[in-house]
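Each chain, letter by letter, is given below.
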Amino acid sequence: MKGVNLGVAPVTYGTGDRPPRGDYARARSDYTCEQDWAQYSAADHDTYRRLYTRQLQHLPGLACDEFIAAVSELGEPEHIPRFDDISERLIKATGWQIVSVPGLIPEEAFFALLAARRFPVTDWIRRPEEFDYVVEPDVFHDLFGHVPLLFNPVFADYMQAYGAGGMKASRLDACELLARLYWYTVEFGLIDTPLGLRAYGAGILSSAGELPNSVRSSGPRRVGFDLQRLMRSRYRIDSFQDTYFVIDSFYQLFDATAPDFTPVYNAVRQRIAAEGEIEPGAVLAGEREFSV
Ligand code: PHE
Ligand code: FE
């Protein structure tokens, strides 16, 4: 039954005891669905507008330039955007489109969409009482956090390569190692710039609390991007990160992840078997740490 949408919520890493809240019965076999724009309430649009305007104020000095340059591509903050309007602009910029999904989808479906340059965006929005924190990704996280950088050609290519790499990782039983790469780059990545560290990860950029924490706070560790070190590193899903990985540029990220991961997975597995995984917040001897 692989690849068939059974109308039930997927099993994914890091979900809690509650079942995902989306209605998977309305999804197609590739897990995409129509964005039912008419069903958003005035309160839904208002939640989006308040999230968007708050987060926009936090960006200067904390978000990377590429993100700030593209955030206006999301359109006016007054309403939850129509995904098709954004796709029209995105296709012209980098050949990506965004597609609507009911929520988290199974890994293999997710990888297949990315490999086809289609980014799945959850169509529902958090409840007002979840304004500051929502367990599952909602339309605000997915759109505001992820979509601006899909307008950047190098990052856009990285995301497609990740999807193709995910399909391979599924065959190699290496999805958990590859998921760490997504977590520590696409979700929680930092980039070093001449003006200082900046955030490019969507989990940071869509969070009012984590954005200053990741870039400015003296609490967390910030270590240089190192693929094998990263794949050995566990992560927390229920609090701010204790460790962030810092890239020098999107080119560095693309180039470092371009080689075949088959031997990388094997090396990482051997190292984990010998020395264990790396806990969040650990700093290894001789490791380059970025100061803030
Ligand atoms: N080079 C990776 C592989 O062979 C594919 C990949 C690219 C994975 C970029 C993640 C990010 O598996
Ligand atoms: Fe995300």
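The structure we're discussing is the one just above.
Residues numbered from 1 in each chain as written. Chains lettered and ligands numbered in written order. Predicted model: local features only at pLDDT ≥ 70, side-chain atom pairs only at ≥ 80, totals over all residues. Heavy atoms only, no water.

(A) Broad picture of the overall build of the chain. If you tally the helices and strands in the chain, you get 12 helices and six strands. Dimensions along the principal axes, computed over C-alpha positions, put the chain at roughly 55 × 45 × 40 Å. A burial count over the chain gives 50% of its 292 residues as buried. Sequence-distant contacts in the chain: of pairs separated by 6 or more residues, those separated by 24 or more amount to 68%. Accessible surface, the chain: about 13,200 Å² in total, of which carbon and sulfur atoms supply 52%. (Helix = DSSP H or I, 4+ residues; strand = E, 2+ residues; numbered from the N terminus. Buried < 20%, exposed > 50% of the residue type's maximum accessible area, 1.4 Å probe, protein only. Contact = heavy atoms within 4.5 Å. Areas by Shrake-Rupley, 256 points an atom, 1.4 Å probe, with all protein chains shown as cover.)

(B) The sheet that holds strand E4 (residues 196-199), seen in detail. The mixed open sheet is built from four strands, whose spatial order is E4-E3-E6-E5. The open sheet has two edge strands with one neighbour each: E4 and strand E5 (221-224). Neighbour-to-neighbour, the strand axes of the sheet open up by a mean angle of 40°, direction not taken into account. Sheet topology places strand E3 (residues 190-193) next to strand E6 (residues 243-247); two bridges connect them, and they run parallel. Looking at E6, one finds that isoleucine 191 is bridged to isoleucine 247. (Pairing = 2+ DSSP bridges. Axes fitted to C-alpha atoms, helices over the stretch in contact; angles between N-to-C directions.)

(C) Quick peek at the environment of glycine 103. For glycine 103, the position within the fold is in the loop between strand E1 (97-101) and helix H4 (107-115). Classification of glycine 103 as buried rests on a relative accessible area of 5%. Residues contacting glycine 103, with those up to four places away along its chain left out, are Tyr24, Thr122 and Trp124.

(D) Here's a closer look at the pattern of salt bridges. One pass over the structure, following the stated rule, counts 22 salt bridges. One salt bridge in this structure joins arginine 21 and glutamate 130, with 2.6 Å as the shortest N-O distance. Placement of the pair is arginine 21 in the segment before helix H1 (42-58) and glutamate 130 in the loop between strand E2 (118-122) and helix H5 (139-146), with a sequence separation of 109 residues. Measuring nitrogen to oxygen at the nearest pair gives 2.6 Å for the salt bridge that ties glutamate 34 to arginine 28. The exposed category is assigned to glutamate 34, whose relative accessible area is 56%. According to the relative accessible area criterion, arginine 28 is partly exposed, its value standing at 39%. Within the structure, one salt-bridge network assembled from shared partners comprises Arg21, Arg127, Glu129, Glu130 and Glu136. (Salt bridge = Lys/Arg side-chain N within 4 Å of Asp/Glu carboxyl O.)

(E) Region of interest: the environment of valine 283. Assignment of secondary structure puts valine 283 in the segment after helix H12 (262-275). Valine 283 sits in the partly exposed class, given a relative accessible area of 37%. Linking valine 283 and arginine 117, residues 166 residues apart in sequence, is a C-alpha distance of 36 Å. If near-sequence neighbours (up to four positions away) are discounted, valine 283 is found in contact with Arg221, Arg229 and Glu289.

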